[in-house]
Amino acid sequence: MEGPVHTGSIAILDFGGQYAHLIASRIRRFGYPSYIYPCDTDPEALQGVAGIILSGGPQSVYEKGSPQADTGIFDLGVPVLGLCYGHQWMAHTLGGKVSPAQVKEYGRTEAQRMKNEKLTMKNDLFDSLPEKWTVWMSHGDEVSELPEGFVRIASTKDCINAAMMNAERRFFGIQWHNEVTHTEHGMEVLERFAKLCKPAQWSIKSYADHVGEQIKKDVGDRKVFMLVSGGVDSTVAFTLLNKVLGADRVQGLLVDTGLMRKGEVKMIEEAFEKLGINNLHIEEASEEFFRKLEGVCDPEEKRKVIGNTFLDVQRRVFDALKAHSSKLKAGEWMLGQGTIYPDTIETGGTKHADKIKTHHNRVEAIQKMIDQGLVIEPLKELYKDEVRILGEELGLPHELVWRHPFPGPGLGVRILCAKNREQGAGSREQLAQDAPYMVLPVQSVGVQGDGRTYRHAIVVFHDRPAEVTQDLLELATKIPNSNKEINRVLLCTSQSAPVKFSLHPSAITRERADLLREADDVVLHEMQRAGLYEKIWQFPVVLLPCGTKPGGQSIVLRPIESTDAMTANAYVLPSAVLQSMTKRIMALPGVDAVFLDLTNKPPGTIEWE
Ligand code: XMP
């Protein structure tokens, strides 16, 4: 990581598992600053941190090429806690032994701590915990010999050295995952470790003050130009810049693409109006977007056209604003971005992985500007939840800052298109068309292994069409696993008997966007009415160019649960909610059928594209 160390914070060294972010956000929730670094960060660069946590990771420490930290971290004189792989790496490097476990433990087990007669010294992490508690394990290796100076502090049935410590040096190793909610006392143990480090205090409030000072310093006497997408991050960043710098030094631009959700632009306008922010220029450019999208059907092509049109409009409006405004004189302004913490760090987890997509805040032209000090990203050290809390503190409405994530190209990725009357011709005939299944004529994007798929969805018809059973959920995993032509499984919630669907050639049009906006709005209100909005991570609503009548279309409901969008589970909607959504969407003109997507990610992505 570049830049100065975060003095007084707890450093998480990331060995490549999925845990580093979870640990860092937990530590912050306790009120202490915490940041993630690649595992091989130079200890010199960590001088000043209050403590170090070594995260989990999927490899074996004794394997060639496994991720390594610098042993110099043990000489920094601060407490160190190794978790899972971190526990093993610590044992291995400090002279103990790690070997394949006799019994590999995955999932729930019971930890038992060493009783006081066996362990006379104080154990800051476990003292006063019960003698036994449930923990969550996931390991194939174990610490078979403790390093010198360490004592065992807990065991499980199959793992003798499940936790260890060197009390004098304040080094701890724990095999189980404290950061997951299934582990009892997990948060308590993490918090005890954090306290032991005597870290600095951290809160959104103190952060806002700190970042306010930083913004003033970085911007100097320049002005800031900022693209506001309508999403939470850029809205909060824009508000913060306005608060700190004042309206006359900030200029915002929001491009209305015609692919936003119902009432979205108005909601943002009103929120800013209430806060007295009147320096956001809104450019209504939907005509131009729909014109450029005429006849465009391929998912990647749609993305490209939308992205390029964005750039054209931005450039044009920027030039026009520049001609009229003293704010945007060459050499006197910077670009503002709503980049948040997970977008910026290169950690053990992502460093070696192939890039699936470049984050739009880090494309080459922007990176060049960043290197020249021409970009300001006031939220770049915050997690999403923290951005939301900050947004509310700045006076933005709750329902605006807690909105579900929404893709940059907007409804464009949720309006499926068709060039011909048949997609993936030939493949469908090879699939059984027996009731109660029916292969839909559309294909959508999915993900399997590390690769992208473009395959058909299969529909299940059912006597009780609004009821999601365990059998159905199992089918949703089984079918794509065993059939190479299928990447999604849907339940038809509007019809119980199989019907034939035909495809109509269609691209993205204003009429289709308007129809999807209405269906999306129905879903939003039904979710809110049932108190489900904050339980569901994201709920894309998708428009398909196929129906049972000539020119008819269908709607797919795709509620999911997730923590980071990398993987996701289909969210099981209560029957009554599903029924009510279906009924109201079926009442929209031109909708022939409603489906519920039961597919997890993988094999189905969150968006259909
Ligand atoms: P997938 O469909 O790949 O989506 O499972 C993962 C998450 O990314 C969001 N998404 C985007 N977000 N710009 C964004 O800012 C985009 O172009 C984009 N495409 C997908 C998607 O909504 C989900 O949360």
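Going by the structure above, here's the rest.
What counts, and at which threshold
- Residues numbered from 1 in each chain as written.
- Predicted model: local features only at pLDDT ≥ 70, side-chain atom pairs only at ≥ 80, totals over all residues.
- Heavy atoms only, no water.
- 1 Å grid on protein atoms, 1.4 Å probe; cavity = no way out; pocket = protein on both sides within 12 Å on 5 of 7 lines; lining within 4 Å.
- Points joined across faces, edges and corners; volume = space filled by probe spheres on them.
- Helix = DSSP H or I, 4+ residues; strand = E, 2+ residues; numbered from the N terminus.
- Nonpolar A, V, L, I, M, F, W, Y, C, P; charged D, E, K, R; others polar.
- Domains from an automatic or database assignment.
- Pairing = 2+ DSSP bridges.
- Right-handed = clockwise from strand over helix to strand, strands pointing away.
- Contact = heavy atoms within 4.5 Å.
- Axes fitted to C-alpha atoms, helices over the stretch in contact; angles between N-to-C directions.

Novice: A description of the layout of surface pockets should follow, citing residues and the corresponding values.
Specialist: Quantified by volume, the second largest pocket comes out at close to 370 Å³. As for the second largest pocket, its lining consists of 21 residues, of which Arg-261, Arg-403, Asp-520, Leu-524 and Tyr-533 are closest to the centre. Only α6 (264-274) and α15 (510-529) provide two or more residues apiece to the lining of the second largest pocket. Classifying every residue of the lining of the second largest pocket gives eight nonpolar, five polar and eight charged. Both domains that furnish three or more residues to the lining of the second largest pocket are identified here as domain 2 (207-408) and domain 3 (425-597).

Novice: Any details on the pairing of strand β12 (residues 280-284)? Residues and values, ideally.
Specialist: Bridging between strand β11 (residues 250-256) and β12 involves five bridges; their strand directions are parallel. Paired with Val-255 across the bridge in β12 is Glu-283. Once you follow β11 into α6 and on to β12, the crossover reads as right-handed.

Novice: Tell me about the sheet that holds β11, and please be specific about residues and values.
Specialist: The parallel open sheet is built from five strands, whose spatial order is β12-β11-β10-β13-β14. Each having just a single partner strand, β12 and β14 (375-376) make up the two edges of the open sheet. Pairing analysis gives four bridges linking strand β10 (residues 223-227) to β11, with the strands arranged parallel. What sits directly across from Leu-227, in β11, is Leu-253. Its contacts with the sheet put helix α5 (residues 232-245) on β10, β11 and β12, and the angle it makes with β10 is roughly 165 degrees.

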